[in-house]
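Residues per chain are reported as follows:
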Amino acid sequence: MGDFWAFENRTTITATLVMKTALSIGSQASLLPTGSDLPVIKTPEGLPYIPGSSLKGVVRAYTERLLCTLDEMGLSYRDQRLWACDPLDERVRCVTATCGRECTSCERCEGDCCDDCRRCKRCMTQRAAQDGHLNDEVLTQELFELSCTACRLFGSPWLASRVAFQDAMLLNNEELLRRVEVRDGVGIDRDLGTAKPGIKYDFETVPSGARFGVRIVVENVEDWELGLLLLALEALVRGEIPLGGKTSRGLGWGELRDLRVERLRADQLLDWLTDRAQLEALPPEELIRVFRSGLSQGE
Ligand SMILES: [Zn+2]
Ligand SMILES: [Zn+2]
Ligand SMILES: [Zn+2]
């Protein structure tokens with residue numbers, strides 16, 4: 001793993017997302033209408049875009065499902081367990097904020113305060129403190145080791161994400177005659193969660209044919225981790241994952257095209273800064289092959 005903060009490599013993944021159906025990317029997170037319209041999220045210049053955070057959410061969720069399947073099959077990557085915790089459920093998180101209710105016995109943690117002590121962030125911090133001051137490197141190392149494959153890649157409250165999704169901007173603004181369409185929605189009963197007749201609201205969509213520029217920057221990852229990420233992106237390439245809201249109504253289906261992967265290594269950094277470096281193009285299939293070929297049944 002080497003030094004945690006040292007630059008090892010930076011990989012840029014670019015692609016074009018072509019929408020096959022209209023896309024609903026509201027600027028309101030909630031799907032529940034509040035009586036007002038749900039406008040499409042736009043830049044101050046009025047250009048629709050897909051927030052990087054929603055792209056990341058979709059790709060992370062897919063990667064987590066993939067990792068859970070591999071884990072259930074007992075497959076690991078070169079003896080490293082491949083798994084994903086449930087980031088929304090504290091009881092099954094790879095690393096929890098505290099163990100037990102109050103974590104009171106952890107003032108001098110020896111690693112056995114309770115069942116959850118090993119994966120408790122508070123206990124880890126106690127264990128990483130020597131002579132009253134915290135050894136950051138020891139703590140980060142332990143946090144990394146205990147984190148699941150998904151948290152290591154996409155981040156957690158305690159680990160920085162190594163994958164950054166940029167906002168995907170609309171590329172064919174001029175081509176699309178009307179950038180945004182208004183549709184009718186049906187109100188949802190807040191208590192019953194069912195459609196409520198008589199309540200209608202408008203929501204905006206970006207029409208089919210819209211093309212968005214996708215850019216993902218990945219730092220300090222190994223080839224197999226890129227392969228794993230690309231497996232999830234392949235599902236987007238094939239149009240298997242919908243994006244945005246109202247996907248059950250057929251919205252949000254698209255395909256990823258012109259996928260390119262380019263890498264800058266640490267030893268090229270100076271050349272790159274002085275504008276002399278050629279970025280190394282990596283074939284996505286090759287990276288996926290690296291991941292697949294390292295999979296094996298644990299003993
Ligand atoms: Zn604890
Ligand atoms: Zn403890
Ligand atoms: Zn996790």
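Residues numbered from 1 in each chain as written. Chains lettered and ligands numbered in written order. Predicted model: local features only at pLDDT ≥ 70, side-chain atom pairs only at ≥ 80, totals over all residues.

## Here's the deal with the sheet that holds strand 3 (residues 75-77)
Across a sheet, paired strands are connected by hydrogen bonds in the backbone, their directions being either parallel or antiparallel.
And then number 1: Read from one edge to the other, the open sheet built from three strands follows the order 4-3-14, with strand pairing classed as antiparallel. Two strands close off the open sheet at either side, each with one partner strand: strand 4 (80-81) and strand 14 (295-297).
And then number 2: Bridge count for strand 3 against strand 4 is two bridges, and the pairing is antiparallel. Directly across from Tyr77, in strand 4, lies its bridge partner Gln80. (Pairing = 2+ DSSP bridges. Helix = DSSP H or I, 4+ residues; strand = E, 2+ residues; numbered from the N terminus.)

## Overview of helix 7 (residues 284-293)
And then number 1: Of all the residues in helix 7, the buried ones are Pro284, Leu287, Ile288 and Phe291. Each buried residue of helix 7 lies within a common arc of 100° when the element is viewed along its axis, so the set occupies one face. Within helix 7, the exposed residues directed more than 90 degrees away from the buried face are Glu285 and Ser293.
And then number 2: Tucked inside the fold, the buried residues of helix 7 contact strand 3, helix 5 (223-237) and strand 12 (254-265). (Buried ≥ 20, exposed ≤ 12 C-beta atoms within 10 Å, placed from the backbone. Arc of directions from axis to C-beta. Contact = placed C-beta atoms within 7 Å.)

## A word on the packing of helix 5 against helix 7
And then number 1: The contact between helix 5 and helix 7 brings their axes to 7 Å, and the two run at 110°. By the angle between their directions, the pair helix 5 and helix 7 is classed as roughly perpendicular. Crossing of helix 5 against helix 7: the hand is left-handed. Residues Asp223, Trp224, Leu226, Gly227, Leu228, Leu230 and Leu231 of helix 5 pack against Pro284, Leu287, Ile288, Val290 and Phe291 of helix 7.
And then number 2: Grouping the constituent residues of the contact of helix 5 with helix 7 by class yields ten nonpolar, one polar and one charged. (Axes fitted to C-alpha atoms, helices over the stretch in contact; angles between N-to-C directions. Parallel < 35°, antiparallel > 145°, perpendicular 65-115°, else oblique. Left-handed = near helix turned anticlockwise from the far one by under 90°. Nonpolar A, V, L, I, M, F, W, Y, C, P; charged D, E, K, R; others polar.)

## Describing the confidence of the model for the chain
And then number 1: Across the chain, the average pLDDT comes to 84, with 84% of residues at or above 70.
And then number 2: Below a pLDDT of 50 lies the segment residues 29-36, which in the model reaches seven contacts outside its immediate sequence neighbourhood of four places, other chains included. (pLDDT = per-residue confidence, 0-100.)

## Looking at unusual backbone geometry
And then number 1: For Asp79, which is not a glycine, the phi torsion comes out positive at approximately 70°.
And then number 2: Along the chain, Asp79 turns up in the loop between strand 3 and strand 4.
And then number 3: At Asp258, a position not held by glycine, the phi torsion is positive, near 55°.
And then number 4: Along the chain, Asp258 turns up in strand 12.

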